[in-house]
Amino acid sequence: MNRPRILIADDTPASLSLLSSVLEPQGYEILAVSSGKDALKIAERASPDLMLLDVMMPGHDGFHVCRTLKAEEATRELPVIFITSRNDTESVLKGFRVGAVDYILKPYQAEEVITRVATHLKISRLTRELQQRNAELEKEMARRKQVEVAHDKVSQRLSSMASREAQRWGLEVFVGGSKHLK
């Protein structure tokens, strides 16, 4: 089984190093970038399972990166967790509005990051499985509908043929006309 791939985007090398050292021992493959522009490129090419994204970065800030990811078909479903020191209510709400699934405030505890990452990876995996099963059920329902329609057509043809044969042989008066059949 492939190790879950986590993309970390933070312009502070110490933060990249710390997050990597916390998550790699948990069995995650870490992809680390120091700019929003690089984060967008890697997210599209590497298809990570989750992204940890700093809000305050030069050039493309985290809000712009997240908004861009959610606008693209290939990266729309990528769970994004903001990790930032911006703890004002407006920043937190803006993070959720642009599509983040969670918001971790700096300074953070390693166990908090590990737990939130594991939780959102599980939610993402279960969501994908549910979507796949729903698609399979929809296909099965469509297949059964086709079988039902075909069955109805065959039944109508057989009924029509039976009526014509009964008329041809003069049996229509007997079919359904018996006191015992009523």
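### Digging into the pairing of strand 4 (residues 80–84)
Right, so step 1: In terms of burial, strand 4 is a largely internal element, 5 of the 5 residues being buried.
Right, so step 2: The alternating pattern of strand 4 places Val80, Phe82 and Thr84 and Ile81 and Ile83 on opposite faces, both of which are buried.
Right, so step 3: Note that strand 3 (residues 50–53) and strand 4 share 3 bridges and pair parallel. Across the sheet, the residue bridging to Leu52 is Ile81, located in strand 4.
Right, so step 4: The handedness of the strand 3 to strand 4 crossover, carried by helix 3 (residues 62–71), is right-handed.
Right, so step 5: In this structure, strand 4 lies alongside strand 5 (residues 102–105), joined through 4 bridges in parallel fashion. Its bridge partner lying in strand 5, Ile81 is registered against Asp102.
Right, so step 6: Crossover handedness for the path strand 4 to helix 4 (residues 89–97) to strand 5: right-handed.

### Re the packing of helix 1 (residues 13–23) against helix 5 (residues 110–168)
Right, so step 1: As a packed pair, helix 1 and helix 5 sit with axes 10 Å apart at the nearest point and diverge in direction by 65°. Taken together, the axes of helix 1 and helix 5 lie roughly perpendicular to each other. Both helix 1 and helix 5 take part in a crossing whose hand is right-handed. Every residue of helix 5 that contacts helix 1 at Leu19, Val22 and Leu23 is listed here: Ala110, Val113, Ile114 and Val117.
Right, so step 2: For the contact of helix 1 with helix 5, the class distribution of residues is 7 nonpolar, no polar and no charged.

### Looking at the environment of Cys66
Right, so step 1: The residue Cys66 is located in helix 3 in this model.
Right, so step 2: With a relative accessible area of 0%, Cys66 lands in the buried category.
Right, so step 3: Discounting residues that sit within four places of it in the chain, Cys66 has contacts with Leu53, Val80, Phe82, Val98, Gly99 and Ala100.

### Here we look at the side chain of Ser35
Right, so step 1: For Ser35, the location among the structural elements is in the loop between strand 2 (29–33) and helix 2 (36–46).
Right, so step 2: Separated by 3.0 Å, the side chain of Ser35 and the backbone nitrogen of Asp38 make a polar contact.

### Concerning the nonpolar core
Right, so step 1: With 23 residues, the main nonpolar core has Ala9, Met51, Leu53, Val65, Leu69 and Phe82 as its most contacted residues.
Right, so step 2: Looking at this core, the elements with two or more residues in it are strand 1 (5–9), strand 2, helix 2, strand 3, helix 3 and strand 4.
Right, so step 3: Apart from the residues within four sequence positions on either side, Met51 is in contact with Leu7, Ala9, Ala39, Val65, Leu69, Leu78, Pro79, Val80 and Ile81.
Right, so step 4: Grouped together as the second largest cluster of nonpolar side chains are 18 residues, Val22, Leu52, Ile83 and Val117 included.

Conventions adopted
Residues numbered from 1 in each chain as written. Predicted model: local features only at pLDDT ≥ 70, side-chain atom pairs only at ≥ 80, totals over all residues. Heavy atoms only, no water. Buried < 20%, exposed > 50% of the residue type's maximum accessible area, 1.4 Å probe, protein only. Helix = DSSP H or I, 4+ residues; strand = E, 2+ residues; numbered from the N terminus. Pairing = 2+ DSSP bridges. Right-handed = clockwise from strand over helix to strand, strands pointing away. Axes fitted to C-alpha atoms, helices over the stretch in contact; angles between N-to-C directions. Parallel < 35°, antiparallel > 145°, perpendicular 65-115°, else oblique. Left-handed = near helix turned anticlockwise from the far one by under 90°. Contact = heavy atoms within 4.5 Å. Nonpolar A, V, L, I, M, F, W, Y, C, P; charged D, E, K, R; others polar. Polar contact = N/O pair within 3.5 Å; in protein donor to acceptor, adjacent residues only side chain to side chain. Core = buried A, V, L, I, M, F, W, Y, C linked by side-chain atoms within 4.5 Å.

Coordinates in, geometry out; function isn't part of it.
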